[in-house]
Amino acid sequence: MGTPCPRGVLVLAVVLGGLWAPHGVLGQPNFIVILADDVGWGDLGANWAETKETPHLDQLAAEGTRFVDFHSAASTCSPSRASLLTGRLGVRNGVTHNFAITSVGGLPFNETTLAEVLQEAGYSTGAIGKWHLGHHGLHHPNSRGFNYYFGIPYSHDMGCTDTPGYNLPPCPPCPQRRVAARVVRKDCYTEVALPLFENVTIIQQPVTLSNLATLYVEAAERFIQQASDSGRPFFLYLALAHMHVPLWDPPPAPSSGRGIYGASLSEMDALVGRIKQVADRHGKGNTLLWFTGDNGPWAQKCELAGRLGPFVGAWQRQRGGSSAKQTTWEGGHRVPALVYWPGHVPAKRTSRALLSTLDIFPTLVALAGAELPPDRHFDGLDVSPVLFGWSDEGHKVLLHPNSGAAGKVGEIETLRMAQYKAFYTTGGAMACDGSIGPAEHHQPPLIFNLDRDIQEQEPLDVASREYQAVLPMISRAYAQALEDIAADNVSVADYSKDPAVIPCCNAQHVACRCHEAHAARLDLHMERRTTRLCL
């Protein structure tokens with residue numbers, strides 16, 4: 001490959017042909033994408049003054065650009081992550097709802113991941129944290145473009161541990177011995193322990209949640225150091241366990257009145273601060289950091305859920321259910337986003353461009369001097385001009401897929417056009433009080449003007465001049481979007497299930513426990529196994 005050129009570092013904490021040379025930086029930049037889990041738009045002090053637990057993230061916002069109209073590509077875990085790594089909505093890439101611990105399939109093989117494109121362009125690629133895009137066989141991260149993987153294959157509440165994190169309802173620890181019968185608790189995984197992988201080896205089962213954040217930081221430091229030593233550009237995708245439900249009960253944050261959730265938020269903030277320090281240490285001014293989330297807060301977890309900020313979905317709340325995670329209300333998909341790259345991305349700037357996690361794929365591919373995969377359509381845009389402050393124009397139309405609260409999962413029945421948001425279907429996810437808002441179909445659609453009504457409280461009167469003026473444009477954009485999807489090369493994910501594919505360190509031990517000095521290496525090339533020592 002010859003002598004490597006000096007390079008910039010692009011850090012995206014849930015984050016753009018030819019060789020790129022801005023402000024004297026030559027060659028391919030490095031990329032770090034940090035994705036928080038179930039974080040609320042109002043969980044950052046930079047967004048919401050009541051939040052006091054995020055000094056590092058607030059400093060990141062002060063030293064970079066804050067995006068206040070930024071959206072996840074779906075309002076639940078697997079579809080959101082699949083869209084980030086493919087630049088395509090679930091209705092195209094096939095991932096329309098979450099994978100289970102028994103899922104045989106994952107992100108379809110004919111979908112190309114961002115890691116695969118960058119790997120082909122000469123990057124060292126690493127994934128740390130939550131995967132949730134399939135764990136069996138070749139769906140493992142090491143077979144989807146990542147040279148290195150360290151993390152858990154799905155959410156950290158999808159397996160028992162000896163010291164369970166906080167949850168509502170609370171879940172019991174892993175069993176220590178075999179008993180004839182156990183009490184089964186709804187929404188709790190009691191039979192198989194949560195595994196921790198390094199590449200294809202289970203190195204711990206059950207995971208010790210109290211030091212998981214520390215392990216992630218250490219793994220990230222090793223990866224960055226090794227990539228830097230190799231002289232190759234790198235791409236690090238860091239998918240945090242925070243803020244799904246608190247992993248443990250760390251010391252409360254100073255001046256925080258939010259109890260366990262506030263302490264967990266403070267821990268996440270410190271983790272991001274550590275990653276920023278590592279990136280700066282390897283060349284401050286060569287590092288861009290983009291922080292964002294996979295979807296909004298998990299409202300049914302009550303005091304263990306994040307803050308929505310002003311995006312309360314008041315119309316839905318009046319009818320029951322939550323307007324956060326799993327819904328297409330703003331609280332379900334509007335997420336915090338910060339981009340940091342000293343000398344390249346303007347500091348102390350707030351952008352109101354309409355952007356999405358879908359944009360990460362084409363933007364990074366462009367910055368790397370690589371090409372988008374052919375023969376498919378992308379929902380994301382190369383938004384590098386917005387990042388650099390040259391433009392504040394993002395999407396003209398942004399589609400929001402159904403994510404579990406109402407309608408067929410993955411289908412597009414909500415869209416945004418400028419300040420207008422149209423709902424063809426509405427519904428509320430489970431709220432803290434246990435209520436679920438009924439699905440309602442709207443023809444003509446409900447239309448809200450978000451410039452005047454950010455709380456989504458009062459839709460436009462269908463008889464008003466404003467409604468009658470905007471409806472034809474929305475209808476045309478909606479029809480064009482559906483036609484484009486119908487004409488595209490779309491994938492179908494395998495959602496079949498088989499208990500034999502549950503990751504298990506040692507099926508002879510209760511809850512698949514690993515004893516000391518015992519680790520299970522999983523064969524990626526085995527499509528199925530008859531034992532539970534499998535992936």
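Keep in mind the model is a prediction, meaning the values are calculated, not measured.

Visitor: Quick question: what am I supposed to make of the overall build of the protein here?
Guide: Helix and strand counts for the protein stand at eleven helices and 18 strands. Scored against the burial criterion, the 535 residues of the protein give a buried share of 63%.

Visitor: Sorry, what's going on with the state of the cysteines here?
Guide: When the sulfur atoms of two cysteines share a covalent bond, that bond is a disulfide. Taken as a whole, this structure holds five disulfides when the rule is applied. Shown here is the disulfide that connects Cys504 with Cys512, its sulfur atoms set 2.0 Å apart. An S-S torsion of about -100° defines the bridge between Cys504 and Cys512 as left-handed. Judged by its relative accessible area of 0%, Cys504 falls in the buried class. On the basis of relative accessibility, which here comes to 3%, the residue Cys512 falls in the buried class.

Visitor: Which parts of the structure should I look at to understand the packing of helix α1 (residues 55-63) against helix α6 (residues 259-281)?
Guide: Helix packing geometry: the angle between the two helix axes and the distance between the axes. Running from N to C, α1 and α6 cross one another at 45°; their axes reach a closest spacing of 7 Å. Between α1 and α6, the angle is such that the two are oblique. Touching Pro55, His56, Leu57, Leu60 and Glu63 of α1 are Met268, Asp269, Ala270, Val272, Gly273 and Lys276, all from α6. Classifying every residue of the contact of α1 with α6 gives six nonpolar, two polar and three charged.

Visitor: Whenever I open this one, the confidence of the model for the protein confuses me. Can you help?
Guide: Regions with low pLDDT should not have their predicted coordinates read in detail. Overall, the predicted model of the protein reaches an average pLDDT of 89, with 88% of residues at or above 70. Residue range residues 1-25 is modelled with pLDDT below 50. Its contacts to residues more than four positions away, or to other chains, number 114 contacts. Between residues 525-535, whose pLDDT stays under 50, and residues either more than four places distant or in other chains, the model counts 38 contacts.

Visitor: Can you walk me through the pattern of salt bridges in this structure?
Guide: Two side chains that carry opposite charge are able to pair once their charged atoms sit near each other. In the structure shown here, the tally under the stated rule is 22 salt bridges. Linking Glu111 and Arg88 is a salt bridge whose minimum nitrogen-to-oxygen distance equals 2.9 Å. Of this pair, Glu111 sits in the loop between α3 (90-93) and α4 (114-120) while Arg88 is found in the loop between α2 (77-86) and α3, placing the two residues 23 residues apart along the sequence. What makes Glu111 buried here is its relative accessible area of 2%.

Visitor: I keep staring at the sheet that holds strand β15 (residues 412-417) and nothing clicks. Help me out?
Guide: The strands that make up a sheet are held in pairs by hydrogen bonds between backbone atoms, and each pair lies either parallel or antiparallel. Strand order in the open sheet formed by four strands is β14-β15-β16-β17, and the pairing between neighbours is antiparallel. Either end of the sheet is taken by a strand with one partner, and the two such strands are β14 (397-401) and β17 (440-449). The average angle at which neighbouring strand axes cross in this sheet is 20°, direction not considered. Across five bridges, the pairing between β14 and β15 is antiparallel. Its bridge partner lying in β15, Pro401 is registered against Ile412.

Visitor: Looking at this structure, how should I read the packing of aromatic side chains?
Guide: What describes a pair of aromatic rings is the distance from one ring centre to the other and the angle between the planes of the rings. Overall, the coordinates contain 19 aromatic pairs when judged by the stated rule. With a centroid separation of 5.9 Å and 85° between ring planes, the pair formed by Trp131 and Phe146 is classed as edge-to-face. Of this pair, Trp131 sits in the loop between β5 (124-129) and β6 (148-151) while Phe146 is found in the loop between β5 and β6, placing the two residues 15 residues apart along the sequence. Each member of the pair Trp131 and Phe146 is classed as buried. In this structure an aromatic cluster arises from ring pairing among Trp131, Phe146, Phe235 and Tyr237. In this structure, Arg319 is placed above the aromatic ring of Trp315, and the distance from its NZ or CZ to the ring centre is 3.7 Å.

Visitor: What's the story with unusual backbone geometry in this structure? I'm lost.
Guide: Each neighbour pair has its own omega, and for Leu168 with Pro169 the value is -5°, a cis peptide bond. Within the secondary structure, Pro169 sits in the loop between β6 and β7 (196-198). Positive phi is not limited to glycine here, since Cys302 has a value of about 55°. For Cys302, the location among the structural elements is in the loop between β10 (287-293) and α7 (314-317). Residue Asp375 is not a glycine yet carries a positive backbone phi of 65°. Checked against the element boundaries, Asp375 lands in the loop between α9 (360-367) and α10 (384-387).

Visitor: Any chance you could explain the side chain of Lys421 here in plain terms?
Guide: Tracing the backbone shows Lys421 in strand β16 (residues 420-426). Within polar-contact distance, the side chain of Lys421 engages the side chain of His333 at 3.1 Å.

Visitor: Is there a simple way to think about the nonpolar core in this case?
Guide: Nonpolar side chains tend to gather and get buried jointly when the protein is soluble and globular. Judged by nonpolar contacts, the single largest core of 52 residues is most densely connected at Met268 and Phe291. Those elements giving two or more residues to this core turn out to be β2 (30-36), α1, β6, α5 (212-230), β9 (234-239), α6, β10 and β11 (337-340). Considering each element in turn, this core owes the most residues, ten residues, to α5. Once residues within four sequence positions are removed from consideration, Met268 is found in contact with Ala36, Val39, Leu57, Leu240, His242, Met243 and Phe291. Ranked by size, the runner-up nonpolar core spans 51 residues in total, among them Leu84, Tyr237, Val345 and Ala368.

Visitor: How should the packing of α5 against α6 be read in this particular structure?
Guide: Look at α5 against α6: their axes get within 10 Å of each other, and the N-to-C directions meet at 10°. It follows that α5 is roughly parallel to α6 by the angle criterion. For the pair α5 and α6, the sense of crossing is right-handed. Residues Ala213, Val217, Ala220, Glu221 and Ile224 of α5 form the contact with α6, whose participating residues are Glu267, Leu271, Arg274, Ile275, Val278 and Arg281. Taken together, the residues of the contact of α5 with α6 sort by class into seven nonpolar, no polar and four charged.

Each value, and the rule that gives it
- Residues numbered from 1 in each chain as written.
- Predicted model: local features only at pLDDT ≥ 70, side-chain atom pairs only at ≥ 80, totals over all residues.
- Heavy atoms only, no water.
- Helix = DSSP H or I, 4+ residues; strand = E, 2+ residues; numbered from the N terminus.
- Buried < 20%, exposed > 50% of the residue type's maximum accessible area, 1.4 Å probe, protein only.
- Disulfide = S-S within 2.5 Å.
- Axes fitted to C-alpha atoms, helices over the stretch in contact; angles between N-to-C directions.
- Parallel < 35°, antiparallel > 145°, perpendicular 65-115°, else oblique.
- Contact = heavy atoms within 4.5 Å.
- Nonpolar A, V, L, I, M, F, W, Y, C, P; charged D, E, K, R; others polar.
- pLDDT = per-residue confidence, 0-100.
- Salt bridge = Lys/Arg side-chain N within 4 Å of Asp/Glu carboxyl O.
- Pairing = 2+ DSSP bridges.
- Phe/Tyr/Trp six-rings, centres within 6.5 Å; stacked < 30°, edge-to-face > 60°.
- Lys NZ or Arg CZ within 6 Å of the ring centre and 35° of its normal.
- Polar contact = N/O pair within 3.5 Å; in protein donor to acceptor, adjacent residues only side chain to side chain.
- Core = buried A, V, L, I, M, F, W, Y, C linked by side-chain atoms within 4.5 Å.
- Left-handed = near helix turned anticlockwise from the far one by under 90°.

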